[in-house]
Amino acid sequence: MTTAEKKKPVEKQKSDVILKYLRPKKKMPHVWCAGCGNGIVMSAIIRAIDKLGLSKDEVVMLSGIGCTSRMPVYLDFNSLHTTHGRALAYATGVKFNRPDLKVIVITGDGDGMAIGGNHFIHACRRNIDITAILINNNIYGMTGGQGSPTTPSAAISTTTPYGNAEKHFDPCKLAEAAGASFVGRSTVYHTPQLEKMIIDGISHRGFSLLEVVSNCHTYFGRFNRRGDAVAMLKNFKETSVTTTKARKMSPEELEGKRIIGTLHEDDKTEFCDEYQKVADRLQGDK
């Protein structure tokens, strides 16, 4: 048996897992550009959910508006494609009504950090058991390449043609400061680590922010001379360091680096659990 023949069953098995959760006849082809990191993230989510042994009926996936927010349309879960920036508000309602379900929000740096920033902060503050997967490509993609809250200072976009004068958000630091009990970061290059992070985030009881640094070579890469999709993924490889390695590095050595891994985790109480205690106490007083 050749090497190719030995690999074929494994490759088919992986393909079958992906197809199991897609809606290929209903919603394909997708709208993403060739080489977009969204497909890598979607595959990692599928593998994570499959490894967790969750049925399709146990998962609710929600999104707002944008390139990343098309993802729930392609996946065969209970899904809501909501209004711009409001996915976390809808997700809060879903989780509050059905706390037994795994609620996952797919958002982007524009949808989640700009128009959705208020909902993001308060979802973190409540520590409600929602997994928010924020795909950060540093720019608005679907609407034409405008600067977003995570567009780096001096970077070029259609709304900052001479360089971005604003400071940018660090979504992970914002989430931790606002009260999220699980915060992690990965990139679309580091797929094994990304898959594990998604498993950990979904398994965690409380609000989980999973930032996934991704490429928009169509706009951000082209405007800022970062190259094609392959070049941008190579850059993610070269500029990322794990939390373990980062702890051994000086501030000077960490300059220009991106720390990936679990950045924050604690076991503070979850919002639905706390609300149930209030309800139980009131019912006991009757």
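Quick look at the structure, then. (Residues numbered from 1 in each chain as written. Predicted model: local features only at pLDDT ≥ 70, side-chain atom pairs only at ≥ 80, totals over all residues. Heavy atoms only, no water.)

## Overview of the packing of helix 7 (residues 117-126) against helix 8 (residues 171-178)
Operational definition: Angles run from 0 to 180 degrees between N-to-C directions of axes, and those axes are lines fitted to C-alpha atoms, restricted for helices to the stretch in contact. In DSSP terms, a helix is any run of H or I states spanning at least four residues, a strand is any run of E spanning at least two, and both are numbered starting from the N terminus. In this scheme, roughly parallel covers angles under 35 degrees and roughly antiparallel covers those over 145, while 65 to 115 is roughly perpendicular and the rest are oblique. Note on convention: near helix rotated counterclockwise from far helix by under a right angle means a left-handed crossing. Clockwise means right-handed. The criterion used for residue contact is that any of the two residues' heavy atoms lie within 4.5 Å. Residue type decides the class: Asp, Glu, Lys and Arg count as charged, Ala, Val, Leu, Ile, Met, Phe, Trp, Tyr, Cys and Pro as nonpolar, and the leftover types, Gly among them, as polar.
Their axes nearest at 7 Å, the elements helix 7 and helix 8 cross at an angle of 50 degrees. Relative to helix 8, the element helix 7 lies oblique. Classified by chirality, the crossing of helix 8 by helix 7 is right-handed. Along its contact with helix 7, which presents Phe120, Ile121, Cys124 and Arg125, the element helix 8 presents Pro171, Leu174, Ala175 and Ala178. Of the residues contributing to the contact of helix 7 with helix 8, the split by class is 7 nonpolar, no polar and 1 charged.

## Observations regarding the side chain of Ser214
The condition is simple: Remark: exposure states derive from per-residue accessible area (1.4 Å probe, protein chains only) relative to the maximum for the residue type, with buried under 20%, exposed over 50%, and partly exposed in between.
Note on placement: Ser214 falls in the loop between strand 6 (208-213) and helix 10 (217-223). By relative accessible area, Ser214 is classed as buried at 3%. If we ignore the near neighbours within four places in the chain, the residues touching Ser214 are Gly37, Asn38, Ile135, Asn136, Asn137, Val188 and Phe236.

## A few points about the layout of surface pockets
By rolling a water-sized probe across the atoms, one finds the places where empty space is left. Our working rule: Think of a 1 Å grid over the protein atoms and nothing else: a 1.4 Å probe that fits but is trapped marks a cavity, an open set flanked by protein within 12 Å on at least five of seven lines marks a pocket, and residues with an atom within 4 Å of a point count as lining. Grid points are joined across faces, edges and corners, and a volume is the space filled by probe spheres set on the points.
The space that makes up the largest pocket amounts to roughly 910 Å³. Taken together, 30 residues make up the lining of the largest pocket; nearest its centre are His168, Asp170, Arg185, Lys257 and Arg258.

## Observations concerning the pairing of strand 6
This is how the line gets drawn: In this scheme, strands are said to pair when DSSP sees at least two bridges between them. For the handedness criterion, the strands are oriented away from the viewer, and a crossover whose path from the first strand over the helix to the second runs clockwise is classed as right-handed.
Within strand 6, 6 of the 6 residues are buried, leaving the element largely enclosed by the surrounding structure. Residues Ser208, Leu210 and Val212 point to one face of strand 6 and Leu209, Glu211 and Val213 to the other, with burial holding for every one of them. Looking at chain direction, strand 4 (residues 130-136) and strand 6 are connected through 6 bridges and run parallel. Counted as the bridge partner of Ile133 is Leu210 from strand 6. Read as a crossover between parallel neighbours, the route from strand 5 (residues 182-187) over helix 9 (residues 191-203) to strand 6 is right-handed.

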